[in-house]
Amino acid sequence: MLTTAAARFGVEACADLLEAVADRADPIYLPIPTEICEGAFVDLGALGWLLEPLLDLYHHAPGRWLCYGSLDDLRRRALATARLAGLVVRAKVFGSVDLRRWDSLFALPPQEPPRPSLAIGYWGRDSVICGAPVPTPLELASAFWAELDGAQKRELVEYIVEYIDLLLASINMDEAYSKLLSHGRYLRFADAVVHRVGNRKHDVVPTWFPENST
């Protein structure tokens, strides 16, 4: 399973890799809603910009790719995003972090994609990074929340709030992602979570932590 954080440049890198190996590989699942592959018109909104390299790959090399996920999945994510927004507002305005509410938001582990596949924001068993290498705070929470202690959860909430602020103030997701990664403190935190918790949960966890970050 190939994976990348939710950044356009990461998806583009993975698309380039998939295109290069397509002739020598079995059909590969792409994280494109199955309705699109069945010919339906689907308004993906901002997600369309992120998926554009994969949509181009799918339409220019038909028969080599399969789709997974559905519009229902997108709707569930939209509902979770609305709940997340409410928690972020409470954390920013009232300085309130009710971990029980956050626990309920990340209660279910992410659904494992089919294999072989490309996944966006999934950091699971045997995944191999092909694009943007550092999980966003949301991806970190989705994958590892249940394994963190109370102090780690509160620190991760701080990074989630910061990331949402960056998304709102940036031109696109890539700019927000780059700004987030410019903070060495988050890199150290993410590295500790992925390599400590990840090594306990998963067979393969790629090494990406930049040695000279500050």
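Residues numbered from 1 in each chain as written. Predicted model: local features only at pLDDT ≥ 70, side-chain atom pairs only at ≥ 80, totals over all residues. Heavy atoms only, no water.

### Considerations on the confidence of the model for the protein
Looking at the protein, the pLDDT average stands at 87 and 92% of residues meet or exceed 70. Per-element confidence in the protein ranges from a low mean pLDDT of 81 for helix α9 (residues 184–201) to a high of 96 for strand β1 (residues 2–4). (pLDDT = per-residue confidence, 0-100. Helix = DSSP H or I, 4+ residues; strand = E, 2+ residues; numbered from the N terminus.)

### A short note on helix α3 (residues 47–60)
Under the 1.5 Å per step criterion, the end-to-end length of α3 is 20 Å for 14 residues, consistent within 8% with the ideal 20 Å. At P53, α3 shows its largest bend, some 45°. Buried within α3 we find G48, L50, L51, P53, L54, L55, L57 and Y58. Elements that come into contact with the buried residues of α3 comprise α1 (8–21), β2 (28–30), α2 (34–37), β3 (65–67), β4 (118–120) and α8 (173–181). (Expected span 1.5 Å × (residues − 1). Bend = angle between axes of the 7 residues up to and from the residue. Buried < 20%, exposed > 50% of the residue type's maximum accessible area, 1.4 Å probe, protein only. Contact = heavy atoms within 4.5 Å.)

### Remarks on the state of the cysteines
This model, assessed by the stated rule, comprises two disulfides. Disulfide pairing is shown between C14 and C130; the S-S distance is 2.0 Å. Given an S-S torsion of about 100°, the disulfide between C14 and C130 has right-handed geometry. Placement of the pair is C14 in helix α1 and C130 in the loop between β5 (128–129) and α6 (137–144), with a sequence separation of 116 residues. Each member of the pair C14 and C130 is classed as buried. A disulfide bridge connects C37 with C67, and the sulfur atoms are separated by 1.5 Å. An S-S torsion of about -50° defines the bridge between C37 and C67 as left-handed. Taken together, the residues C37 in helix α2 and C67 in strand β3 connect sequence positions 30 residues apart. (Disulfide = S-S within 2.5 Å.)

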